[in-house]
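# Structural characterization, general
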Amino acid sequence: MQIPLVDLQAQYRTIKQDVLSAIEETLESMQLFLGPQTQAFERDFATYCDCRYGVGVATGTDALALALRACDIGDGDEVITVANTFIATVEAIALVGATPVFVDIDPETYTMDWQQLGSVLTSRTRAIIPVHLYGYPVEMQPVLEFARAHELLVIEDASQAHGATYQGKRVGSFGDIGCFSLYYSKNLGAYGEAGICVTNNEILADKLRMLRDHGSRERYRHEILGVNARPDEIQAAVLRVKLAHLDQWNTARQLHAQTYTEQLKNLVEALPVVRSGGTHVFYVYVVQVRERDLFRQILAQEGIATGIHYPIPIHLQPACTTYGFVRGMLPVTEAVTENIVSLPMYPELTTEQLHKVVDATTKYATVAVERPL
Ligand SMILES: *Cc1c(COP(=O)(O)O)cnc(C)c1O
């Protein structure tokens with residue numbers, strides 16, 4: 001039995017008929033962009049996120065970059081975020097001409113350490129991008145208080161946390177704009193590329209709608225210079241089918257995570273932490289192990305895939321050398337990067353598969369204990 005990190009075929013089998021008829025309906029209409037599917041998805045996803053407006057875009061990277069542009073963030077501005085994230089968070093900042101500034105992370109939740117925000121604040125700081133990483137919500141209250149005190153905008157990168165809540169509210173609804181990737185492997189994913197911004201601010205929603213479609217409200221009249229980041233009707237049709245299952249899929253992920261957490265307790269160095277006030281939707285299930293190569297090798301021998309999210313923090317990426325970031329500037333991020341490993345996680349995981357992962361981890365723990373450090 002092979003156990004992949006994510007099994008999209010297993011999920012497809014459960015929704016195939018609905019997906020195929022939604023795609024067929026869209027093709028019959030031949031309205032392939034900005035049509036009824038997109039409008040319905042935008043409305044339903046915004047409502048799902050406790051927000052008034054949803055603006056679909058082509059990718060999660062577009063969602064972030066257009067959110068920054070809608071907030072007039074660009075040349076000379078600084079945006080605070082974390083280096084323990086997917087590169088797109090930082091690419092979006094660079095794309096609009098702003099400069100990324102990093103704070104370190106909480107060693108238990110792997111998300112933004114809000115206590116460090118003050119130490120990187122300058123007169124050029126304009127915004128904060130908290131990243132709800134791995135499916136776990138950033139502690140938003142102190143982030144929002146800091147932003148309010150210093151007149152900063154907050155753009156949430158919720159690309160890994162569709163449906164996660166903090167203090168009873170969905171992520172994406174706390175900041176000025178919430179950004180989601182709908183990349184095919186995310187908790188809510190298209191069968192291709194897609195993204196969406198949610199907001200309660202009508203002016204920002206209107207600007208996002210223009211920016212994604214060449215800066216126009218009206219055909220061939222361009223009020224601002226935008227881009228082509230239009231969402232695709234076929235993807236919106238697929239996403240509407242999937243959105244109806246999202247809560248149930250997230251619950252399944254939470255149950256699998258609970259099993260892992262109970263069974264792996266004494267076998268690995270660190271397990272995911274869920275603090276009161278937040279719900280985790282386990283886009284990935286990340287543990288820390290002392291001997292990661294050995295761990296991955298033993299699991300691979302049993303046919304179990306593992307991943308690393310992410311092996312190189314952004315400040316140490318070759319693409320970022322021009323910024324002059326140095327090793328040592330984010331000690332917690334750098335330390336956890338050495339030991340984190342992601343286990344198979346998807347709603348359709350079976351009890352048998354979960355047990356296999358636990359058994360393989362038990363094997364690792366036995367071998368690791370016998371080896372000198
Ligand atoms: C996936 C992801 C993105 C980018 O989304 P794309 O749809 O691939 O452009 C941005 N931020 C985070 C944290 C992500 O995981």
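Residues numbered from 1 in each chain as written. Predicted model: local features only at pLDDT ≥ 70, side-chain atom pairs only at ≥ 80, totals over all residues. Heavy atoms only, no water.

## Structural notes on the overall build of the chain
Operational definition: Runs of E in the DSSP output that reach at least two residues are strands. Runs of H or I that reach at least four are helices, and both are numbered from the N terminus. Both definitions apply: the radius of gyration is a C-alpha atom measure, and the globule rule equals 2.2 Å times residues to the power 0.38. Summary of the burial criterion: residues with accessible area below 20% of their type's maximum are buried, those above 50% are exposed, and those between are partly exposed, where the area comes from a 1.4 Å probe applied to protein chains only. In this description, accessible areas are obtained by the Shrake-Rupley approach with a 1.4 Å probe, and a residue is regarded as covered only by the protein chains that are shown. Positive charges are assigned to Lys and Arg, negative charges to Asp and Glu, while His and the chain termini are left out of the count. Just so you know, the charge point we use is NZ for Lys, CZ for Arg, CG for Asp and CD for Glu.
A tally of regular secondary structure across the chain gives 12 helices and 13 strands. A compact globule built from 373 residues should have a C-alpha radius of gyration of about 21 Å, and the chain, at 21 Å, falls within 12% of that. For the chain, the spread of C-alpha atoms along the three principal axes comes to 70 × 55 × 35 Å. A buried classification covers 57% of the 373 residues belonging to the chain. Of the roughly 16200 Å² of accessible surface on the chain, 50% is carried by carbon and sulfur atoms. Within the chain, one finds 30 positive and 44 negative side-chain charges whose respective centroids are separated by 2 Å.

## So, the domain arrangement of the chain
The following threshold applies: An automatic or database domain assignment is the source of the domain bounds shown. Summed over both partners, the accessible area (1.4 Å probe) lost when two parts come together is defined as the buried area. Between Lys or Arg on one side and Asp or Glu on the other, a salt bridge is scored when a side-chain nitrogen of the former is within 4 Å of a carboxyl oxygen of the latter. Counted as a polar contact is a pair of N or O atoms within 3.5 Å, where, for protein atoms, one must be capable of donating a hydrogen and the other of accepting one, and residues adjacent in sequence contribute only when both atoms are in side chains. Gly is placed with the polar residues, together with every amino acid not listed as nonpolar (Ala, Val, Leu, Ile, Met, Phe, Trp, Tyr, Cys and Pro) or charged (Asp, Glu, Lys and Arg).
Entries for the chain in the domain assignment read domain 1 (8-102 + 110-243) and domain 2 (246-370). Look at where the C-alpha atoms of domain 1 and domain 2 centre, and you get two points 25 Å apart. Between domain 1 and domain 2, a total of about 3000 Å² is buried, with carbon and sulfur atoms accounting for 60% of that surface. Between Asp-247 and Arg-170 there is a salt bridge; the shortest N-O distance is 3.6 Å. Taken together, domain 1 and domain 2 are joined by 18 residue pairs in polar contact (both at pLDDT 80 or more). Where the side of domain 1 that touches domain 2 is concerned, the elements lending two or more residues are helix H1 (8-29), helix H4 (88-95), strand E3 (99-103), strand E6 (165-166) and helix H8 (233-243). Here the residues of the side of domain 1 that touches domain 2 are counted per class, giving 20 nonpolar, 12 polar and four charged.

## What to know about the site of the ligand
Test applied: We call a residue near a molecule or strand whenever a single non-hydrogen atom of that residue lies within 4 Å of it.
Around the ligand sit 15 residues, and of these Gly-60, Thr-61, Asp-157, Ser-181 and Lys-186 come closest. Here a nitrogen atom of the ligand sits 2.7 Å away from a polar atom, N or O, in the side chain of Asp-157. Secondary structure elements with two or more residues in the shell around the ligand: helix H3 (60-70) and H4. With three residues, H3 is the largest single contributor of residues to the shell around the ligand. Partitioning the shell around the ligand into residue classes produces five nonpolar, eight polar and two charged.

## Some details on the packing of aromatic side chains
Selection criterion: The pairing test for Phe, Tyr and Trp rings, Trp by its six-membered ring, is centres within 6.5 Å, and the orientation test on the planes gives stacked under 30 degrees, edge-to-face over 60, and tilted for anything in between. In this scheme, Lys NZ or Arg CZ marks a charge over a ring once it lies within 6 Å of the ring centre and within 35 degrees of the ring normal.
Tallied over the full model, the rule gives 13 aromatic pairs. A centroid spacing of 5.6 Å and a plane angle of 25° characterise the contact between Phe-41 and Phe-45, whose relative ring orientation is stacked. With Phe-41 and Phe-45 both in helix H2 (residues 36-48), this residue pair falls four residues apart, about one helical turn. Taking the relative accessible area as the measure of exposure, Phe-45 reaches 0% and is therefore buried. Look at Tyr-260 and Tyr-285: their rings are 4.8 Å apart centre to centre, the planes differ by 45°, and that puts the pair in the tilted class. Residue Tyr-260 is located in helix H9 (residues 246-264), and its partner Tyr-285 is located in strand E12 (residues 285-288); the two are separated by 25 residues in the primary sequence. Exposure class is identical for Tyr-260 and Tyr-285. Each is buried. Members of the aromatic cluster, connected to one another through ring pairs, are Phe-41, Phe-45, Tyr-48 and Phe-180. Arg-170 extends its terminal NZ or CZ atom over the ring of Tyr-48, reaching a point 3.9 Å from the ring centre.

## A short note on unusual backbone geometry
Residues His-309 and Tyr-310 are joined by a peptide bond in cis, for which omega reads 10°. Looking at where Tyr-310 falls in the secondary structure, it is placed in the loop between helix H10 (292-301) and helix H11 (331-339).

## Considerations on H4
For the record, the criterion: Contacts are residue-level and defined by heavy atoms, with any inter-residue pair within 4.5 Å sufficient.
Among all positions of H4, only Ala-88, Thr-89, Val-90, Ala-92 and Ile-93 are buried. The inward-facing, buried residues of H4 abut H3, strand E2 (78-82), E3 and strand E5 (153-157). Downstream of H4 by a residue or two, Gly-97 has a phi angle that is positive, lying close to 90°.

## With respect to the packing of H2 against H8
The axes of two packed helices give the description: the angle between them and the distance between them. What counts, and what does not: Axis definition: a line fitted to C-alpha atoms, over the contacting stretch in the case of helices. Angles run 0 to 180 degrees between N-to-C directions. Each angle is binned into one of four classes, with values under 35 degrees roughly parallel, values over 145 roughly antiparallel, values of 65 to 115 roughly perpendicular, and all other values oblique. Rotating anticlockwise by less than a right angle from the far helix to the near helix defines a left-handed crossing, while the corresponding clockwise rotation defines a right-handed one.
At a closest axis distance of 8 Å, the pairing of H2 and H8 adopts a crossing angle of 40°. By the angle between their axes, H2 is oblique relative to H8. In this structure, H2 crosses over H8, and the sense of that crossing is left-handed. Each of Pro-36, Gln-37, Thr-38, Ala-40, Phe-41, Asp-44, Phe-45 and Tyr-48 in H2 lies in contact with H8, whose residues at this interface are Glu-233, Ala-236, Ala-237, Leu-239, Arg-240 and Leu-243.

## What about helix H6 (residues 140-149)?
Count 3.6 residues to each turn of an α-helix, and residues three or four apart come out pointing the same way. All of the buried residues along H6 are Met-140, Pro-142, Val-143, Leu-144, Phe-146 and Ala-147. Contacts made by the buried residues of H6 are with helix H5 (117-120), strand E4 (125-128), E5 and E6. Two residues or fewer after H6 comes Glu-151, characterised by a positive phi angle close to 55°.

## Digging into the side chain of Glu-348
Residue position: Glu-348 is located in the loop between strand E13 (340-343) and helix H12 (351-370). We note that Glu-348 is buried and unpaired, the nearest opposite charge coming from Arg-253 at a distance of 6.6 Å. Within the structure, the side chain of Glu-348 is placed 3.1 Å from the side chain of Gln-11, a separation counted as a polar contact. Apart from residues lying up to four places away in sequence, Glu-348 is in contact with Asp-7, Ala-10, Gln-11, Trp-249 and Gln-353.

## What to know about the packing of H10 against H12
Between H10 and H12, whose axes approach to 9 Å, the crossing angle comes to 135°. The angle between the axes of H10 and H12 places the two elements in the oblique class. The handedness of the crossing between H10 and H12 is right-handed. Every residue of H12 that contacts H10 at Leu-294, Phe-295, Ile-298 and Leu-299 is listed here: Val-357, Ala-360, Thr-361, Lys-363, Tyr-364, Val-367 and Ala-368. A per-class count over the contact of H10 with H12 returns nine nonpolar, one polar and one charged.

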